[in-house]
Amino acid sequence: MRLLRSFVSLILSLVAVASFATHNRAGEIVVCWTGQGLVYEATIFTYTKLSAPADRPELTLYWGDGTSTTISRTPPSPIDDPVRDLRRNWYIAQHVYAGPGVFTLSFDDQNRNAGVINVPQSVSQSFCVKTELTISPLGGNNCSARFLNPPIQDACFCQPWIHNPAAYDADGDSLSFEPVVCLGLNCLPINGYAYPNEAGGCGGTSYSIDPVTGTISWLNPGILGEYNIAFKVHEWRRVNGVLLHMGWVTRDMQITVKPCSNQPPVIQDLVDTCVTAGTFLSFNVQASDPDFGQQVTLTALGQPLVLANSPASFVSPSPGQNVTGVFNWQTNCSHVRLQPYQMVFNAIDNDPEVQLQDYSTMNIRIVAPAPQNPQAIPNGNAIDLSWNASICTNAIGYKIYRRVGTYGFVPDNCETGVPAYTGYSLIATLTGHGNTNYSDQGPLVTGTQYCYMVVACFADGAQSYASIEFCAIVDRQVPVITHVSVGVTSTSIGIDTVRWSNAYDLDTLVRPGPYQFKLYRGTGFATATTLIHTSGVHPFLAHPDTTFLDVGLNTKDEAHVYRVDFFGRADQPTPEYIGTSSPASSVFISTDPNDEQMTISWTLNTPWTNSLYEVYRDISSVWTLVGTSTTNSFTETGLVNGTEYCYRVRSTGSYGNPDIVSPLINFSQEICDRPVDRTPPCAPTVVLENDCEVPLNTLTWNNPNESCADDTYQYHIYFSQTVEGPYVLVGTVVGAENTSFTHVDGSSVSGCYQITALDTLGNESAFITPVCGDNCPQYTLPNIFTPNGDHSNDRFVPFPYRGVRSIDLTVFNRWGQVVFETTDPAIKWNGTLKDTNETLPDGVYYYVCDVIYARLAGDEVVQLKGYVHIAGGGGTPGNF
């Protein structure tokens, strides 16, 4: 009876194993926000062997927050495909998360199907997939990537295999792809798993996944059978200019390599495109098969085909050897988003053994049209802007950009927003589709032309095409300075010439004359508070007194800034203050001499825009143009060290207003200086030979004069005992051709080195990457010595040692009395009592020695304990 029960138990256990065995082929988990609170819906997709005895009416999903749910299979699944021995299942459940966070969803089911080539003992391996969900306060709620192409596909022996999962993200997040190892029990990587190309191939093999399109390539399968691969699809969301990782989905899929003589079909290459919302997009897709008589079926996959609002369509042709399908899409504003839509086109042949496939991907971006009818109208010291609301009512607001003067920007195809190269700067962001008015209060400079462009903005960060440029000029109701030019450079008799333009746009009925100017000066570039000139009174706006020669200045060492105040009713005891000009300064230059060169830099503050700077040098008493710049510096090379060179700069600018004189030309002060060699040689490249047994460090390096310098004179060798420690100078090598140095730190060769090159003027190259070596420390003590005066083994000393920084040695007699102490690694104990030098009697003495080894990572302490025997010392036995 007992034997019968054992036999029955064995049979039942085998049935139990069989019920779990050999059925999981592929699967993934997708998850999405339901639109309510923190409620998320997850779906487990599995693809199983139809012929296997195992079936799963239920699966357990772990939500990543410490909870789990057992989910029943959701109708209308399962869906069976007997021809492919395939059953497709899905399991749907909802879950409420407690709050934001990063959650890893998973399910783990026994077992994978038997005989998978690249999964060791696959029938005994569990099947697990995971999905990461990010619920972020910054990024918001989330839906994971989804797939439109099933994860089961055949491959042909020794022929290229290609697959694309046709992944998309309903939130419009950007996707990236990476290969990963298949997971087994407890969702851990399967030990011994191999990527399919590692199994061998025909004429070489490779396996890869395109990180952008998700197309997977395997060239070329060389062993028949089933393979499993896995890959992650990451989601990325741009929020306020920052790219956030929003999670990932892992898909585990199966490939079956079969014998055949088939060649795959070929889809003609497709080009990415970009269209304006409202455009009807239509194009042809062509495919053919190289095998005579085979027919190709051409289909399409992609999010545009499954959109709720105005989805795209693909007219698949009848199967044939050369076929053409038609993609059609009536786009609209609901399709506008930052990320492009990916379309995947699939061609599959009708080979009776293995149906091979080709995939071609393309991106389609839908862009919102530009805001229309923009206007800019001057309004006192401001400019009022307006435009029509975007035809895309899903726009959430607008960005306004401004620059001085026109640029003539015409956006290229798919070039949205306002690029920085145009010189435009963002001045305002408005919220609301209907918020289409803005008053630019500046501060704006009178008489200057300001140009604007406007773009519509969308919730995911997408922007429309930019509007046309629209411009206006701030009315000249105050004077406009046009000239601050240095005429004489001196510390005491310098001269500045200042000119300004009249306030020709002033309403003289509201602000009647007569009129008067007051000119103020300041030192520097910003503030002018010293009154230096008061003009005469003139009845008309065309006041003739608009030039002033400012004398007695220190123009050599100082810049000067000016402003003009404007008054009406100047014949009254208290004239009416009308306004003031924007401040304007002289151009002030400085020099930075270096080896055979001179860098001239300049600083200025002008209300007009300078577009060109010309640098002049005094050559034989003639100011000669030596260079130009559009920035604030210029470097002249090929000079002679020690020779004096004198410079001045001429600036050219404009207000961009045709009613104001242009160009505006002004000169800086003059400055003189001499080039001097301040450039060090380039740093040498150092090699360290770290011999820890000798011990000795040998440093060798290249001579910079043979490659990147011509004036190297000597080298400094710096040493640090540790990687992080300070460097100290330990040696100097004179002569550029002398490129070696040996060093040891006591008995230690542990440490790091930096070697710098110096020229004859003492310019020293910078530290670069150090070279470091370490000790192989050794310190051993003998167990006997004979201090009898015969000069043989008279002292207690260590055997030859290396790498020791210091020691702390204490020697005891048999009663525990300390008889000797030292920190000297050489020890040199002569067998006498410490303090009294009394000879100790023969006998056994015990020691404890803390040895401090010098190591690159820092000092290492090793404790030695042992005994030493004094023999023939001559001491009298006693209490010792």
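The coordinates are above.
Residues numbered from 1 in each chain as written. Predicted model: local features only at pLDDT ≥ 70, side-chain atom pairs only at ≥ 80, totals over all residues. Heavy atoms only, no water.

Chemist: Just to check I follow, could you spell out the overall build of the protein chain for this structure?
Modeler: Secondary structure summary: the protein chain contains 1 helix and 60 strands in total. Computed over the C-alpha atoms, the radius of gyration of the protein chain is 42 Å, more than 25% above the 29 Å expected from 2.2 N^0.38 for a compact globule of 880 residues. Dimensions along the principal axes, computed over C-alpha positions, put the protein chain at roughly 130 × 110 × 55 Å. The burial tally for the protein chain puts 49% of its 880 residues in the buried class. For the protein chain, restricting intrachain contacts to residue pairs at least 6 apart in sequence, the fraction spanning at least 24 positions comes to 67%. Accessible area for the protein chain stands at about 39400 Å²; split by element, carbon and sulfur atoms hold 52% of it. Each charge class in the protein chain was averaged separately, 43 positive and 80 negative side chains, and the resulting centres sit 7 Å apart. (Helix = DSSP H or I, 4+ residues; strand = E, 2+ residues; numbered from the N terminus. Rg over C-alpha atoms; globule rule 2.2 N^0.38 Å. Buried < 20%, exposed > 50% of the residue type's maximum accessible area, 1.4 Å probe, protein only. Contact = heavy atoms within 4.5 Å. Areas by Shrake-Rupley, 256 points an atom, 1.4 Å probe, with all protein chains shown as cover. Lys, Arg positive; Asp, Glu negative; His and termini not counted. Charge placed at Lys NZ, Arg CZ, Asp CG, Glu CD.)

Chemist: Sorry if this is basic, but what is going on with the pairing of strand E21 (residues 296-302) here?
Modeler: Each regular strand shows side chains that alternate between the opposite faces of the sheet. Of all 7 residues that make up E21, 5 are buried, and the element is covered over most of its length. Here E21 pairs with strand E24 (residues 341-349) via 7 bridges, running antiparallel. Of the residues in E24, the one forming a bridge with Gly302 is Met343. (Pairing = 2+ DSSP bridges.)

Chemist: Any chance you could explain the side chain of Asn24 here in plain terms?
Modeler: Tracing the backbone through its elements, the reader meets Asn24 in strand E1 (residues 24-33). Excluding anything up to four places from it in sequence, Asn24 contacts Thr46, Tyr47, Thr48, Asp109, Gln110, Asn111, Arg112, Asn113 and Phe127.

Chemist: How should I be thinking about the state of the cysteines in this particular structure?
Modeler: When the sulfur atoms of two cysteines share a covalent bond, that bond is a disulfide. By the definition in use, this model includes 11 disulfides. The disulfide that involves Cys274 links it to Cys414, with 2.1 Å between the sulfurs. Looking down the S-S bond of the Cys274 and Cys414 bridge, the torsion is 80°, so its handedness is right-handed. Residue Cys274 is located in strand E19 (residues 273-276), and its partner Cys414 is located in the loop between strand E28 (397-404) and strand E29 (425-431); the two are separated by 140 residues in the primary sequence. You can see Cys182 has no disulfide; the closest cysteine sulfur is in Cys128, sitting 11 Å from it. Of the residues examined, Cys182 reaches a relative accessible area of 0% and is grouped as buried. Sulfur of Cys457: no disulfide; nearest cysteine sulfur belongs to Cys392 and is 12 Å away. Residue Cys457 is classed as buried on the basis of its relative accessible area, which comes to 9%. (Disulfide = S-S within 2.5 Å.)

Chemist: When you look at the nonpolar core in this model, what are you seeing that I'm missing?
Modeler: Note on soluble globular proteins: their nonpolar side chains tend to be buried together. Judged by nonpolar contacts, the single largest core of 70 residues is most densely connected at Phe327, Trp329, Phe345, Ile364, Ile383 and Tyr452. In contact with Trp329, other than residues within four places in its own chain, are Thr279, Phe280, Leu281, Pro304, Leu307, Ser310, Pro311, Ala312, His335, Tyr341, Ile364 and Ile366. Listed in part, the 26 residues of the second largest apolar core include Val119, Val180, Ile190 and Val257. (Core = buried A, V, L, I, M, F, W, Y, C linked by side-chain atoms within 4.5 Å.)

Chemist: Hey, could you run me through the sheet that holds strand E20 (residues 280-288) in this one?
Modeler: Consider a sheet: its strands pair through backbone hydrogen bonds, and that pairing is either parallel or antiparallel. Here 4 strands make up an open sheet; going across it, the order is E18-E20-E23-E22 and the pairing antiparallel. Edge strands, defined here as strands with exactly one partner in the open sheet, are strand E18 (266-267) and strand E22 (313-315). Across 9 bridges, the pairing between E20 and strand E23 (residues 322-330) is antiparallel. Counterpart to Gln286 in the pairing with E23 is Thr324.

Chemist: I tried to follow the pattern of salt bridges on my own but got confused; where do I start?
Modeler: Any two side chains of opposite charge can pair, on the condition that their charged atoms come close. On inspection of all chains with the given rule, the structure shows 25 salt bridges. Note that Glu28 and Arg251 form a salt bridge whose closest N and O atoms lie 2.8 Å from each other. Remark: Arg251 occurs in strand E17 (residues 242-258) and Glu28 occurs in strand E1; sequence separation between them is 223 residues. We classify Glu28 as buried; its relative accessible area is 3%. Taking the relative accessible area as the measure of exposure, Arg251 reaches 1% and is therefore buried. Between Asp85 and Lys49 there is a salt bridge, and its shortest N-O distance comes to 3.9 Å. (Salt bridge = Lys/Arg side-chain N within 4 Å of Asp/Glu carboxyl O.)

Chemist: Please explain unusual backbone geometry as it appears in this structure.
Modeler: With the exception of glycine, the majority of residues adopt a negative phi angle, and the majority of peptide bonds are in the trans configuration. With omega at -10°, the peptide bond leading from Leu219 into Asn220 counts as cis. Inspection of the secondary structure puts Asn220 in strand E15 (residues 216-221). Here the residue pair Gly513 and Pro514 is connected by a cis peptide bond, since its omega of 0° sits within 30 degrees of zero. Turning to its location among the elements, Pro514 is positioned in the loop between strand E34 (494-501) and strand E35 (516-523). Positive phi values are uncommon outside glycine, yet Cys187 reaches one of about 60°. You can call Cys187 buried: its relative accessible area is 12%.

Chemist: What's the story with the packing of aromatic side chains in this structure? I'm lost.
Modeler: One pair of aromatic rings is described through two measures. These are the centre distance and the angle between the planes. In the structure shown here, the tally under the stated rule is 35 aromatic pairs. Residues Trp608 and Tyr655 carry aromatic rings whose centres are separated by 6.0 Å and whose planes lie at 65° to one another, so their mutual orientation is edge-to-face. With Trp608 in the loop between strand E42 (597-603) and strand E43 (609-619) and Tyr655 in the loop between strand E46 (645-654) and strand E47 (664-667), this residue pair connects regions lying 47 residues apart in the sequence. Residue Trp608 is classed as buried on the basis of its relative accessible area of 5%. Between Phe785 and Trp829, the ring centres sit 5.5 Å apart and the planes meet at 50°, which makes this aromatic pair tilted. Of the two residues, Phe785 is situated in strand E56 (residues 784-785) and Trp829 in the loop between strand E58 (818-822) and strand E59 (843-853); the sequence distance between them amounts to 44 residues. (Phe/Tyr/Trp six-rings, centres within 6.5 Å; stacked < 30°, edge-to-face > 60°.)

Chemist: Can you walk me through the environment of Pro782 in this structure?
Modeler: Relative to the helices and strands, Pro782 is located in the loop between strand E55 (771-773) and E56. On the basis of relative accessible area, Pro782 is assigned to the buried category, the value being 12%. On a C-alpha basis, the gap between Pro782 and Leu506 in space is 105 Å, while along the polypeptide they are 276 residues apart. Excluding residues that lie within four positions of it along the chain, Pro782 makes contacts with Phe796, Val797, Pro798, Phe799, Tyr867 and Val868.

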